[in-house]
Amino acid sequence: MAFSVVNALQIKRYIQMHLERNKSDKKDAKRIYEYGVERRPEIYAMPDTEYFECRSLNNAIHDLTKEITKFSNQIHSIKKCPFNTKTIEKSFEKIIKKLREEKQNLEIILQHKLVAWEAEMLKLVTSVKGIGRRAAAELIIYTQGFKDMNSYKQLISYAGLSPTEYRSGSSIRGRVRICKQGGKQLRHILYMCALNAKKTNAQCKTLFDRLVEKGKNKKAAVIAVCNKLLKIVFGVVKNKTTYQDNFIVKSA
């Protein structure tokens, strides 16, 4: 059976465009049908089994990371109590230790799965200075092996890092911000990568220093480095060439 998968926000905006004042399952079904007939979205192609395996492992790693952060925060909090909390602290520390062990085991399994699924792509992405194995895994899984990625701008938008402008006439002039309509976890990992890349990656360091010298906010400069990293990653994947720190484009 052929079917399409569409972003729920697109359907919501389509229904709002028709000024619907009432909501029911029957009305929603009618509008979804009309959307399909009018817009004719692409038929969905089921991803590889390896993708679902890697995504499940990746989601489990995220869940363990959240639990580790939760218990770490609780330890920090109870240390402020005016009474002895050593017993609770030791108990939480044991839990954190076990969670970290499980997380490390899952990360090893995930890397093996990625090698079996997209070995060449993993090698290309990790060749970029500033992109570690964890970030590479996140990028490959989130984009389904860079499926349907036709430009680096599309990749930046997919990660929710593209700039948005809110301006109208001479009175409404909002600040330019990133749209954030994309992978929250991917953005977080890329931000951490950018903090490393602005020191270790020559191209990223040059970009960061230039923006700061021009008076750009440091956080905005780090976001620019995130976009630079995605641009480089897209280039090495599409050209199937490992990253070269001193690469120079030759003129024809």
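Everything discussed here concerns the structure shown above.
Reference entry: report on the structure contained in this document. (Residues numbered from 1 in each chain as written. Predicted model: local features only at pLDDT ≥ 70, side-chain atom pairs only at ≥ 80, totals over all residues. Heavy atoms only, no water.)

Turning our eyes to something else, we now look at a nonpolar patch on the surface. A contiguous nonpolar patch, built from M1, F3, V5 and M46 and spanning about 510 Å² of accessible area, is present on the exposed surface. Tracing the sequence through the fold places F3 in the segment before α1 (8–17). We classify F3 as partly exposed; its relative accessible area is 35%. (Patch = residues over 30% accessible without salt bridge, like charges linked within 9 Å, V, L, I, M, F, W, Y side chains within 5 Å. Areas by Shrake-Rupley, 256 points an atom, 1.4 Å probe, with all protein chains shown as cover. Salt bridge = Lys/Arg side-chain N within 4 Å of Asp/Glu carboxyl O. Helix = DSSP H or I, 4+ residues; strand = E, 2+ residues; numbered from the N terminus. Buried < 20%, exposed > 50% of the residue type's maximum accessible area, 1.4 Å probe, protein only.)

This brings us to the pattern of salt bridges. Within the structure shown, the criterion is met by 11 salt bridges. The shortest N-O distance in the salt bridge between R39 and E38 comes to 3.3 Å. Residue class for R39 comes out partly exposed when judged on its relative accessible area of 42%. A cluster of three or more residues bridged by salt bridges with shared partners is formed by E20, K27, K30, R31 and E34.

Let us look at the environment of G183. You can see G183 is positioned in the loop between β4 (177–178) and α7 (184–200). Separated by 23 residues in the primary sequence, G183 and G160 have C-alpha atoms spaced 6.3 Å apart. For G183, the residues in contact, after removing those within four places along its chain, are Y142, Y158 and A159. (Contact = heavy atoms within 4.5 Å.)

A surface patch of like charges, here positive, comprises K79, K86, K90 and K94. The topology assignment puts K90 in helix α4 (residues 86–126). (Lys, Arg positive; Asp, Glu negative; His and termini not counted. Charge placed at Lys NZ, Arg CZ, Asp CG, Glu CD.)

Let us now look at the environment of Y35. One can find Y35 in helix α2 (residues 25–39). By relative accessible area, which is 7% here, Y35 ends up buried. As a C-alpha pair, Y35 and I15 span 20 residues in sequence and 8.8 Å in three-dimensional space. The residues contacting Y35, other than those within four sequence positions of it, are V6, Q10, I11, Y14, R40 and P41.

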